[in-house]
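# Residue-level structure breakdown
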Amino acid sequence: MRRSIARSVPALASRARPSLTPRLAGLSTTTPIQASKPTIRTLHITSRSQQASSAGVKLTSTTTSYPTSHEKIQNPVDTPFFIDNKFVASTTSEFIDLHDPATNNLVTRVPQNTDEELRAAVASAQAAFPGWRATSIVSRQQIMFKFVQLIRENWDRLAASITLEQGKVVSDARGDVHRGLQVAESACGITSQLTGEVLEVAKDMETRNYREPLGVVAAICPFNFPAMIPLWSIPIATVTGNCLILKPSERDPGAAMILAELAKEAGLPDGVLNIVHGSHRAVDFILDAPEIKAISFVGSNKAGEYIYSRGSENGKRVQANLGAKNHAAVLPDCNKNHALNSIVGAAFGAAGQRCMALSTLVMVAESKDWLPELADLAKSLVLNGGFEKDSDLGPVISKHSKERIEGLIASAEEEGATILLDGRGYKPADPKFANGNWVGPTIITGVKPHMKCYTEEIFGPVLIALEVPTLTSAIDLINANEYGNGVAIFTKSGATAQAFQKHIECGQVGINVPIPVPIGVSNFSFTGNKKSIAGGGANTFYGKIGLNFYTQQKTVTSLWKEEDALATKADVSMPVHH
Ligand code: NAD
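First things first, this report covers the structure right here in the doc.

Conventions used here
- Counting of residues starts from 1 at the beginning of each chain's written sequence and follows it residue by residue.
- Only residues with pLDDT of at least 70 get local features here, since the model is predicted, and only at 80 or more are side-chain atom pairs given and counted; chain-wide, interface and lining totals rely on the full set of residues.
- As a rule here, side-chain values cover all heavy atoms of the structure and leave hydrogens and water aside.
- Any residue with a heavy atom positioned within 4 Å of a molecule or strand is treated as near that molecule or strand.
- Counting of polar contacts relies on pairs of N or O atoms within 3.5 Å, with two restrictions inside protein: one atom must be capable of donating a hydrogen and the other of accepting it, and residues adjacent in sequence are counted only when both atoms are side-chain atoms.
- Residue exposure ignores everything except the shown protein chains as possible cover, and the areas themselves are Shrake-Rupley values with a 1.4 Å probe.
- The pairing criterion is simple: DSSP has to find at least two bridges between the two strands.
- Helix and strand assignments come from DSSP, with helices taken as H or I runs of at least 4 residues and strands as E runs of at least 2, each series counted from the N terminus.
- All axes here are fitted lines through C-alpha atoms, helices being fitted over the stretch that makes contact, and every angle between N-to-C directions spans 0 to 180 degrees.
- Put simply, buried Ala, Val, Leu, Ile, Met, Phe, Trp, Tyr and Cys residues joined by side-chain atoms within 4.5 Å make one nonpolar core.
- The classification of residues rests on relative accessible area computed with a 1.4 Å probe and restricted to protein chains. Under 20% of the type maximum is buried, over 50% is exposed, and intermediate values are partly exposed.
- Residue ranges labeled as domains rest on an automatic or database domain assignment.
- In this analysis, two residues are considered to be in contact whenever any of their non-hydrogen atoms come within 4.5 Å of each other.
- Stacked, tilted and edge-to-face are the three classes applied to pairs of Phe, Tyr and Trp rings, where Trp contributes its six-membered ring and a pair requires centres within 6.5 Å; stacked means planes under 30 degrees apart, edge-to-face means over 60, and tilted covers the rest.
- A pair is scored as a salt bridge if a Lys or Arg side-chain nitrogen falls within 4 Å of a carboxyl oxygen belonging to Asp or Glu.

### Remarks on the site of the ligand
- Near the ligand lie 29 residues; those nearest to it are C221, E250, R251, S300 and E457.
- R251 places a polar side-chain atom, nitrogen or oxygen, 2.7 Å from an oxygen atom of the ligand.
- Here an oxygen atom of the ligand sits 2.5 Å away from a polar atom, N or O, in the side chain of S300.
- Out of a free accessible area of 830 Å², the ligand has 91% covered by protein chains.

This is how it looks when you write it as structure tokens:
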């Protein structure tokens, strides 16, 4: 059973929405798909459960009909992949079960695309490239305008998919979509962003530069921002004239599938965006396919360092944003109320599963005395299913993740730290969530830099606190940490903030701002430092640097002599222009 919501229903932002039946996450029907490009072999698609139908494969959520509760899905259907602007059921026999993190009910199965399907995706993108590259930039811009409009119209639907598959609360899931939408909006300004330069370098001689697309490019995404991170790549890669193969996280690909549907509706031609699924094998295929010129990766250090080195060895351009341990230095002169509220929100929001989650406090001098008050604030947060109206934070992504997080809390205890607030064993009151992956807000104090809870990224609702006597010792401590994604300082002193921002080694610095992520509508980029970004941080996402990543520079020097001169003798020396 499913119900539809009229378009006039107000946005899902208010968590007080009535419950609707869950969507079926994958296909509605399956059909043999004839690949439209001559280079692609025909894929004969058969369904596990359904016979071929001429109606075609569709996502079962729509702009106005999508899940709004954690109700068990009676007949979960498999997630399709997306090729040549069609949703296609994989012929694979290997699937990854995707569970609602709040209940561990099965939501869908995600295919591990076969080699033939992966090759077909590459062939499709390659076949699309000449036509897409030749499409005028104004036409590409028009598609981007439409894409932005469609994302806005499907905002609640995208957020619902994220809440069901990833677990974050609906208001936060809307924020996930918003941050990606901003990148799509900025891509609409491509006509002024992609301009080259021209200079008359000598008499009748001009040098100009162009930025051209790379060709077929790929993006490999993590689980924690199912809409935002695909949207770090889809708009910029395609508006610049590339064809993109995107592999969403196998743990929550639903939002990326909706984005594919919207990109098609916006007018992206067949093959400009293809979506494939899988884990390590699909990644290895992308790393080794010679047709793929560049790879965008966001995820853990383990995967990212491997992807950066193997991709680079294969001659590809790679941008890779990796793990984090984001510190906040809390100075005793700060606005205490603002600092404590900001810290609680930034540490525990999204169950601590943000790459910019504020996971590590450096309490300077007597600010350590505020820790019990911080624990009281954290205790007041409500854990619940993301669709429930009272929920501040949802579950963590998987049972395995819960066990890993609880193991790190236990290790801190064993190594001599104090568990000031212990979220292990937490369960929401509602019995329907009894089997979810819950970890309550946890605060660990008395942490020392050698402890495992400090050296490892926890990626859960766990805040650790270290104590230092001075600002200088806080800066030294933070700089000695091998990660350098984000950092914050809380102080009322401009001089203190100035010294901090100057000496701190980190990609993104917040001064009284807990999660200082630059928004994607500006020229600022998602900068990183040290182990949090591969390749020394040269290739960052979105902004000017992100645009450069997806384009190849070409410099042309031309001579059109004013007089109609015919050379009488070849000049064999190295040209020197005067
Ligand atoms: P992950 O590394 O496990 O997975 C990311 C992608 O890599 C997935 O698509 C997955 O299929 C693939 N993958 C995983 N292991 C692989 C392997 N061994 N070989 C090849 N491919 C592999 O990351 P995750 O758990 O999905 O995401 C959380 C991580 O991402 C955290 O470390 C977080 O800090 C990081 N992250 C960083 C940023 C940033 O901008 N710095 C943003 C978001 C998330």
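Further notes follow.
### Details of the sheet that holds strand 6 (residues 205-213)
- Strands sit in the order 5-6-21 across an open sheet of three strands; the sheet is antiparallel. Looking at strand neighbours, the two that pair on one side only are strand 5 (198-202) and strand 21 (551-559), the edges of this open sheet. Taken over all neighbouring pairs, the strand axes of this sheet differ in orientation by 30 degrees on average, direction set aside.
- Both strand 6 and strand 21 contribute to a ladder of nine bridges, which runs antiparallel. Opposite E206, over in strand 21, you have S558 as the bridge partner.

### Concerning the sheet that holds strand 16 (residues 462-468)
- Read across the sheet, seven strands follow the order 14-15-16-13-12-18-19 without closing on themselves; strand pairing throughout is mixed. Because the sheet does not close on itself, it has two edges, and the strands there are strand 14 (418-421) and strand 19 (508-511). For this sheet, the mean angle separating the axes of adjacent strands, direction not counted, is 25 degrees.
- Judged from the four bridges that link them, strand 12 (residues 326-330) and strand 18 (residues 486-490) form a sheet pairing that is parallel. Across the sheet, residue A328 finds its bridge partner in strand 18, namely A488.

### Points about the nonpolar core
- By size, the foremost hydrophobic cluster in this structure holds 90 residues, and its most contacted members are F147, I151, W232, L246, L273 and I292.
- Composition of this core by domain shows at least three residues from each of domain 1 (115-322 + 533-556) and domain 2 (326-520).
- With residues up to four places along the chain from it excluded, the contact list for I292 reads V122, V216, V217, A218, I245, I286 and K316.
- Of all hydrophobic cores here, the second largest spans 63 residues; its members include V439, C453, A474 and I475.

### Here's the deal with the pairing of strand 18
- Along strand 18, five of the five residues are buried, which leaves the element largely enclosed by surrounding structure.
- Here strand 18 shows no split at all, with G486, A488 and F490 on one side and V487 and I489 on the other all buried.
- Note that strand 18 and strand 19 share four bridges and pair parallel. Of the residues in strand 19, the one forming a bridge with I489 is I511.

### Some words on the packing of aromatic side chains
- Applying the stated criterion across every chain yields a total of seven aromatic pairs.
- For the ring pair F82 and F87, a centre distance of 4.8 Å and an interplane angle of 50 degrees mean the geometry is tilted. Each member of the pair, F82 together with F87, is buried.
- On the basis of an interplanar angle of 65 degrees and a centroid distance of 5.5 Å, the ring pair of W232 and Y542 is categorised as edge-to-face. With W232 in helix 6 (residues 228-239) and Y542 in the loop between strand 20 (529-530) and helix 16 (543-549), the pair connects residues that are 310 residues apart, well separated along the chain. The exposure classification of W232 matches that of Y542, with both residues buried.
- Within the aromatic cluster, the residues linked to one another by ring pairs are W232, F526, F541 and Y542.

### Re the side chain of T360
- Within the secondary structure layout, T360 lies in strand 13 (residues 358-364).
- Classification of T360 as buried rests on a relative accessible area of 0%.
- For T360, the residues in contact, after removing those within four places along its chain, are K325, N326, H327, A328, Y454, L463, I464 and L466.

### Focus: the pattern of salt bridges
- By the definition in use, this model includes 23 salt bridges.
- Between R281 and D115 there is a salt bridge, with the nearest N and O atoms lying 2.8 Å from each other. One end of the pair, R281, is in helix 8 (residues 280-288); the other, D115, is in helix 1 (residues 115-134), and 166 residues separate them in sequence.
- Overall, D115 belongs to the partly exposed group, its relative accessible area being 38%.
- Put simply, K247 and E250 hold a salt bridge, and the shortest N to O gap is 3.3 Å.
- Salt bridges here are not isolated pairs; linked through shared partners, they connect R133, E212 and K554.

### Digging into the side chain of Q353
- On the secondary structure map, Q353 appears in the loop between helix 10 (336-348) and strand 13.
- Its relative accessible area of 1% is what places Q353 among the buried residues.
- A distance of 3.0 Å separates a polar side-chain atom of Q353 from the backbone nitrogen of I397.
- Residues within four places of Q353 in sequence aside, it is in contact with Q166, F223, N224, P395, V396, I397 and F459.

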